[in-house]
Amino acid sequence: MSKTFDIGLESLTGRGVASQALALEWVSAPLSRGYRQVESPEAASLILYNTCSIREKAAQKVFSRLGEYRAKQSEGRIIGVLGCVAQQEGEEIFERAPWVSLVCGSASYRKLPELLSQLEAGNRRVTGLDNDTDETFETEMTRRDNPWRAYLTIIEGCDKACAYCVVPFTRGPERSRTSDSILKEVKQLADLGYSEVQLLGQTVNSYADPSSRKMRFSELLLEVADVTGIRRVRFTTSHPSDFTQDIVGAIESQSKICDHVHLPAQSGSTRVLQAMQRTYTREGYLEKIAMIRAAKRPISITTDIIVGFPGETHEDFDETLSLLEDVQYDGMFSFKYSPRPNTPSLSMNDAISEEEKGRRLAILQEKQRQIQTVRNAALAGQTFEVLVSGKSRRENQWSGHTSSHRVLNFTSMQKELLGHYVQVRVASAGPNSLVGEQVT
Ligand code: SAM
Ligand code: SF4
């Protein structure tokens with residue numbers, strides 16, 4: 001295969017975890033054709049810009065960043081746009097940014113090699129915008145840049161219809177990979193030296209094995225944990241309606257399955273949840289929390305909350321604050337409601353002003369900060385296993401994550417710890433991280 005371009009990577013996505021997987025999946029196709037990743041977009045002759053449209057600002061930023069790329073195109077570089085904004089805006093991107101040559105949605109990444117051939121042949125505008133809805137979702141090769149934790153998408157798309165969300169439009173309906181193909185890839189990952197895998201999906205626990213094995217999600221977790229060399233298994237994001245007792249059972253019976261569940265509530269008010277079309281009530285959600293809290297070992301719970309959904313009253317918002325109090329989350333991602341194209345909530349009345357959304361967000365975050373401060377302080381004196389992933393510039397200072405996904409910064413006199421699992425005793429804590437010392 002000819003090697004015509006070097007590739008520059010740029011990613012603008014909503015959240016850390018998902019963004020890494022997105023950025024790395026799509027690069028696999030061009031890499032398999034012999035392309036080479038370069039350090040920065042400046043050094044590249046082909047720039048693939050990965051995008052997310054989950055909130056409005058992210059989509060707006062794409063166009064302003066594309067404006068910055070205009071000069072690069074005139075310097076002879078080829079610019080491509082990938083991801084959800086590509087899927088959502090389609091050929092409109094060529095209208096607004098005529099210097100772009102490639103627009104490819106996430107469902108069409110497998111077509112990237114073909115699209116690149118078309119560019120190499122001199123085509124000026126190529127697109128991959130099908131939703132590939134009848135195909136089982138498969139990835140052929142995934143590039144990963146974290147040397148210890150591998151991200152692995154097991155289910156694409158979403159069959160839910162939350163009133164605020166663009167995902168069903170941009171990523172299409174749910175498609176799961178076969179359990180055999182997932183397990184084969186996990187074995188390859190373990191052989192490459194990865195010890196932690198994180199299974200990904202918009203609703204990861206809605207996983208439905210399309211093969212005759214019909215493996216349940218909880219069974220898949222257990223089989224992944226059984227792969228030789230795998231020491232930690234994570235999964236995100238779980239949808240409350242599909243969160244079942246057998247998942248808790250799997251965590252209880254297998255310590256390699258991390259004691260952390262990310263279970264987005266979005267709101268504490270049943271009225272708002274109904275308007276959001278979230279398929280559960282506050283009470284139903286709290287039953288799932290009670291199920292997790294009843295597990296034989298403590299499981300950390302984190303969540304996503306949206307404030308300022310159209311029609312959210314002060315009483316509704318108070319119910320969200322009281323949900324935080326009731327559940328005692330260990331972490332929270334919180335967002336101001338952002339109107340998205342094609343979504344049902346776009347035409348809902350009673351929009352909340354930006355100022356009021358900001359006020360509610362600040363109150364919510366302060367409440368959660370207090371909860372985390374108390375919960376983390378209660379861990380002082382306990383010892384946790386940490387997968388070491390960072391070395392501070394300060395001498396003998398290291399950092400990593402516990403199984404519960406807390407950040408633990410610690411002191412150790414050992415010389416090389418990156419990628420190792422060590423026992424660390426917690427001495428003190430802040431709202432967002434713990435501080436401790438390695439125990440020998
Ligand atoms: N599938 C996951 C679920 O059901 O909870 C969430 C996936 S979404 C990529 C991540 C988070 O973005 C959501 O949980 C929600 O809190 C937030 N989000 C999605 N659409 C939003 C919108 N229109 N405005 C504000 N936040 C939004
Ligand atoms: Fe969006 Fe709802 Fe699907 Fe999550 S479950 S991706 S919030 S539609």
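Calculation rules
- Residues numbered from 1 in each chain as written.
- Chains lettered and ligands numbered in written order.
- Predicted model: local features only at pLDDT ≥ 70, side-chain atom pairs only at ≥ 80, totals over all residues.
- Heavy atoms only, no water.
- Buried < 20%, exposed > 50% of the residue type's maximum accessible area, 1.4 Å probe, protein only.
- Helix = DSSP H or I, 4+ residues; strand = E, 2+ residues; numbered from the N terminus.
- Pairing = 2+ DSSP bridges.
- Near = heavy atom within 4 Å.
- Polar contact = N/O pair within 3.5 Å; in protein donor to acceptor, adjacent residues only side chain to side chain.
- Areas by Shrake-Rupley, 256 points an atom, 1.4 Å probe, with all protein chains shown as cover.
- Nonpolar A, V, L, I, M, F, W, Y, C, P; charged D, E, K, R; others polar.
- Contact = heavy atoms within 4.5 Å.
- Patch = residues over 30% accessible without salt bridge, like charges linked within 9 Å, V, L, I, M, F, W, Y side chains within 5 Å.
- Salt bridge = Lys/Arg side-chain N within 4 Å of Asp/Glu carboxyl O.
- Lys, Arg positive; Asp, Glu negative; His and termini not counted.
- Charge placed at Lys NZ, Arg CZ, Asp CG, Glu CD.
- Phe/Tyr/Trp six-rings, centres within 6.5 Å; stacked < 30°, edge-to-face > 60°.
- Lys NZ or Arg CZ within 6 Å of the ring centre and 35° of its normal.
- Expected span 1.5 Å × (residues − 1).
- Axes fitted to C-alpha atoms, helices over the stretch in contact; angles between N-to-C directions.
- Parallel < 35°, antiparallel > 145°, perpendicular 65-115°, else oblique.
- Left-handed = near helix turned anticlockwise from the far one by under 90°.
- Core = buried A, V, L, I, M, F, W, Y, C linked by side-chain atoms within 4.5 Å.
- pLDDT = per-residue confidence, 0-100.
- Right-handed = clockwise from strand over helix to strand, strands pointing away.

## Some points on the pairing of strand β10 (residues 196–200)
So, step 1. Most of β10 is tucked away: five of the five residues are buried.
So, step 2. A two-sided burial pattern is seen for β10, the buried positions comprising Glu196, Gln198 and Leu200 on one face and Val197 and Leu199 on the other.
So, step 3. Two elements, strand β7 (residues 149–153) and β10, share five bridges in a ladder whose sense is parallel. Residue pairing in the sheet places Thr153 in a bridge with Leu200 of β10.

## Comments concerning the site of ligand 1
So, step 1. Around ligand 1, the structure places 17 residues, and the nearest of them are Tyr164, Gln202, Gln266, Asp304 and Ser338.
So, step 2. Contact distances for ligand 1 include 2.9 Å between a nitrogen atom and a backbone N or O atom of Tyr164.
So, step 3. In this structure, Ser338 approaches ligand 1 through a main-chain N or O atom, which is 2.8 Å from a nitrogen atom.
So, step 4. When ligand 1 sits alone it has 560 Å² of accessible area, and the protein chains cover 92% of it.
So, step 5. When contributions to the shell around ligand 1 are tallied by element, the ones reaching two or more residues are β13 (300–307) and β14 (331–336).
So, step 6. Classifying every residue of the shell around ligand 1 gives six nonpolar, five polar and six charged.

## Considerations on the side chain of Glu312
So, step 1. By the element assignment, Glu312 lies in the loop between β13 and α12 (314–327).
So, step 2. Since its relative accessible area comes to 2%, Glu312 is described here as buried.
So, step 3. Looking at Glu312, its side chain comes within polar contact range of the side chain of Arg360, at 2.8 Å.
So, step 4. Those residues in contact with Glu312 that lie beyond four places of it in its chain are Arg271, Val272, Ile306, Val307, Phe317, Ile352 and Arg360.

## Re a negative patch on the surface
So, step 1. There is a patch of like negative charges on the surface, built from Glu283, Glu287, Glu315, Asp318 and Glu319.
So, step 2. Those elements giving two or more residues to the negative patch turn out to be α11 (282–293) and α12.
So, step 3. Among the elements that take part in the negative patch, α12 stands out by supplying three residues, more than any other.
So, step 4. If you trace the backbone, Asp318 turns up in helix α12.

## Overview of the packing of aromatic side chains
So, step 1. In total, this model carries five aromatic pairs according to the counting rule given.
So, step 2. An aromatic cluster of at least three residues, connected via ring pairs, comprises Tyr164, Phe309 and Tyr337.
So, step 3. Above the face of the Phe63 ring, Arg96 is positioned so that its terminal group lies 3.7 Å from the ring centre.
So, step 4. A cation over an aromatic ring shows up here: Lys391 above the ring of Trp398, its NZ or CZ 4.9 Å from the ring centre.

## A closer look at helix α13 (residues 354–377)
So, step 1. The first and last C-alpha atoms of α13 sit 34 Å apart over 24 residues, in line with the 34 Å expected at 1.5 Å per residue.
So, step 2. Restricting attention to buried positions, one finds in α13 the residues Glu356, Lys357, Arg360, Leu361, Leu364, Gln368, Ile371, Gln372 and Asn376.
So, step 3. On its buried face, α13 sits against β13, α12, β14, β18 (421–429) and β19 (434–438).

## Examining the environment of His401
So, step 1. Here His401 is to be found in strand β16 (residues 397–402).
So, step 2. For His401, the residues in contact, after removing those within four places along its chain, are Arg149, Arg232, Arg234, Glu385, Val386, Leu387, Ser389, Arg406 and Val407.

## Points about the packing of helix α7 (residues 179–191) against helix α8 (residues 217–226)
The description of two helices packed together rests on the angle between their axes and the distance between the axes.
So, step 1. For the pair α7 and α8, interaxial distance at closest approach is 10 Å and the crossing angle is 25 degrees. What the angle tells us is that α7 and α8 run roughly parallel. Seen along the crossing, α7 lies across α8 with a hand that is right-handed. Contacts between α7 and α8 pair Ser179, Ile182, Leu183 and Val186 from the former with Leu220, Glu223 and Val224 from the latter.
So, step 2. Among the residues making up the contact of α7 with α8, the classes are represented as five nonpolar, one polar and one charged.

## Things to note about the site of ligand 2
So, step 1. As a matter of local geometry, ligand 2 sits amid Cys158, Lys160, Cys162, Tyr164, Cys165, Val167, Pro168, Gln202, Thr203, His239 and Arg278.
So, step 2. Per-class residue counts for the shell around ligand 2 are six nonpolar, three polar and two charged.

## Some points on the sheet that holds strand β11 (residues 232–236)
So, step 1. Strands sit in the order β7-β10-β11 across an open sheet of three strands; the sheet is parallel. The open sheet has two edge strands, β7 and β11, and neither has a second partner. Each neighbouring strand pair of the sheet contributes to a mean axis angle of 20 degrees, computed without reference to strand direction.
So, step 2. Most of the contacts of α7 go to β7, to which it runs at about 165 degrees, and overall it touches β7 and β10.
So, step 3. Along the sheet face, α8 touches β10 and β11 and points at about 150 degrees away from the line of β11.

## Let's talk about the nonpolar core
So, step 1. Counting 65 residues, the largest nonpolar core has Ile154, Leu199, Leu220, Phe235, Phe243 and Tyr285 as the members making the most contacts within it.
So, step 2. If near-sequence neighbours (up to four positions away) are discounted, Tyr285 is found in contact with Pro240, Leu263, Pro264, Ala265, Tyr280, Thr303, Leu323, Val327 and Tyr329.
So, step 3. Within the second largest apolar cluster, 19 residues are counted, among which are Val38, Ile79, Val85 and Val103.

## A short note on the confidence of the model for the protein chain
Detailed conclusions should not be drawn from predicted coordinates in areas where pLDDT is low.
So, step 1. Here the protein chain averages 88 in pLDDT, and 89% of its residues register 70 or above.
So, step 2. Residue range residues 11–27 is modelled with pLDDT below 50. Its contacts to residues more than four positions away, or to other chains, number 50 contacts.

## Brief notes about the pairing of strand β4 (residues 78–83)
So, step 1. Extensive coverage of β4 is indicated by the burial of six of its six residues.
So, step 2. Looking at chain direction, strand β3 (residues 46–51) and β4 are connected through six bridges and run parallel. Residue pairing for β4: Asn50 is matched across the bridge by Leu82.
So, step 3. Considered for its hand, the β-α-β crossover made up of β3, helix α2 (residues 56–74) and β4 is right-handed.

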